[in-house]
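Listed here are the chains, written in short residue letters.
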Amino acid sequence: MSQHVFVKAARGAVVGSHFGGLTARNDDPRPEVTVTPLADRVTEGQSLTWRVTLSTDADTELPVVFSFLAAGGNAELSSTDVDPRWLMEKHGESPLPERPLSEVAGMSLLSVVPAGQLSAEVAIPTIADRAAEPEEAVRIQLFGFEEPPVGPIFTGRIEDGG
């Protein structure tokens, strides 16, 4: 990020150039992130919800990103099982054609912990339908900023409402 600053030498200063640079590095360690399920087993029409908590507050907003994984042999939550407005607003995707969330191009789940705060929630809003379906699952994995850049995996389960 670049920020222009204009300075006037008032007293006891020598100006060698009208243009220069200063680099300020953020040397604060990144807070540790923990994730707690608030609603990881719901009936369709409800939201799967997790709380993201930081070990200490940060001076700036801190994004926390999850990637979607295949459901590992379980029936997977699909693009037509989630709120279509959420899918379009958050991910720029149409629910049709129907496909597993892990196969939606560029699909990720983002939570932002505001500056000075310790936690935020992240949710996947599901919709109720009339189709008889088996229990469906969604698996999300916390993206880390260390090596390797993968964190723990969390599973949400959605039961048929009909």
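This text gives an overview of the structure that appears in the document. (Residues numbered from 1 in each chain as written. Predicted model: local features only at pLDDT ≥ 70, side-chain atom pairs only at ≥ 80, totals over all residues. Heavy atoms only, no water.)

## Observations concerning unusual backbone geometry
Between leucine 96 and proline 97 the backbone carries a cis peptide bond, its omega angle lying at 0°. Within the secondary structure, proline 97 sits in the loop between helix H1 (84-91) and strand E6 (108-113). (Helix = DSSP H or I, 4+ residues; strand = E, 2+ residues; numbered from the N terminus.)

## Some words on the pattern of salt bridges
Counted under the stated rule, the structure contains six salt bridges. Between glutamate 121 and arginine 51 there is a salt bridge, with its nearest N and O atoms 3.3 Å apart. Here glutamate 121 is found in strand E7 (residues 119-125), whereas its partner arginine 51 is found in strand E3 (residues 47-54), with 70 residues between them in sequence. The salt bridge involving aspartate 83 is made with arginine 85; its shortest N-O contact spans 3.6 Å. Residue aspartate 83 is classed as buried on the basis of its relative accessible area of 17%. Residue classification places arginine 85 among the exposed positions, given a relative accessible area of 58%. Because the salt bridges share partners, they merge into one network encompassing Arg41, Glu135, Arg157 and Glu159. (Salt bridge = Lys/Arg side-chain N within 4 Å of Asp/Glu carboxyl O. Buried < 20%, exposed > 50% of the residue type's maximum accessible area, 1.4 Å probe, protein only.)

## Remarks on H1
All of the buried residues along H1 are Trp86, Leu87 and His91. The buried residues of H1 occupy an angular sector of 100° when the element is viewed end-on, so they sit on one face. In H1, those exposed residues whose orientation departs by more than 90 degrees from the buried face are Arg85 and Glu89. Structurally, H1 contributes buried residues whose contacts are with E6 and E7. Near the N-terminus of H1, the side chain that reaches the backbone nitrogen of arginine 85, with its oxygen 2.9 Å away, is that of aspartate 83. Once H1 ends, the next one or two residues include glycine 92, with phi positive near 65°. (Arc of directions from axis to C-beta. Contact = heavy atoms within 4.5 Å. Polar contact = N/O pair within 3.5 Å; in protein donor to acceptor, adjacent residues only side chain to side chain.)

## Details of the packing of aromatic side chains
For the coordinates displayed, the defined rule picks out one aromatic pair. Relative to phenylalanine 154, the ring of phenylalanine 66 has its centre 6.4 Å away and its plane inclined at 75°; by these criteria the two rings are edge-to-face. Residue phenylalanine 66 is located in strand E4 (residues 62-69), and its partner phenylalanine 154 is located in strand E9 (residues 150-159); the two are separated by 88 residues in the primary sequence. There is no split in this pair, since phenylalanine 66 and phenylalanine 154 are both buried. (Phe/Tyr/Trp six-rings, centres within 6.5 Å; stacked < 30°, edge-to-face > 60°.)

## Let's talk about the sheet that holds strand E1 (residues 33-39)
Taking strand neighbours across the sheet as the criterion, the three strands line up as E1-E3-E7 in an open arrangement whose pairing is antiparallel. Single-partner strands in this sheet number two, and they are E1 and E7. Pairwise comparison of adjacent strand axes, ignoring direction, gives a mean angle of 25° for this sheet. (Pairing = 2+ DSSP bridges. Axes fitted to C-alpha atoms, helices over the stretch in contact; angles between N-to-C directions.)

## Details of a negative patch on the surface
Judged by side-chain charge, Asp27, Asp28, Asp57 and Asp59 come together as a negatively charged surface patch. Relative to the helices and strands, aspartate 27 resides in the segment before E1. (Patch = residues over 30% accessible without salt bridge, like charges linked within 9 Å, V, L, I, M, F, W, Y side chains within 5 Å. Areas by Shrake-Rupley, 256 points an atom, 1.4 Å probe, with all protein chains shown as cover. Lys, Arg positive; Asp, Glu negative; His and termini not counted. Charge placed at Lys NZ, Arg CZ, Asp CG, Glu CD.)

## Some details on the side chain of serine 78
Position of serine 78 relative to the elements: it lies in the loop between strand E5 (75-76) and H1. Using a relative accessible area of 4% as the deciding quantity, one classes serine 78 as buried. With residues near it in sequence (within four places) discarded, serine 78 still touches Glu98, Arg99, Pro100 and Leu101.

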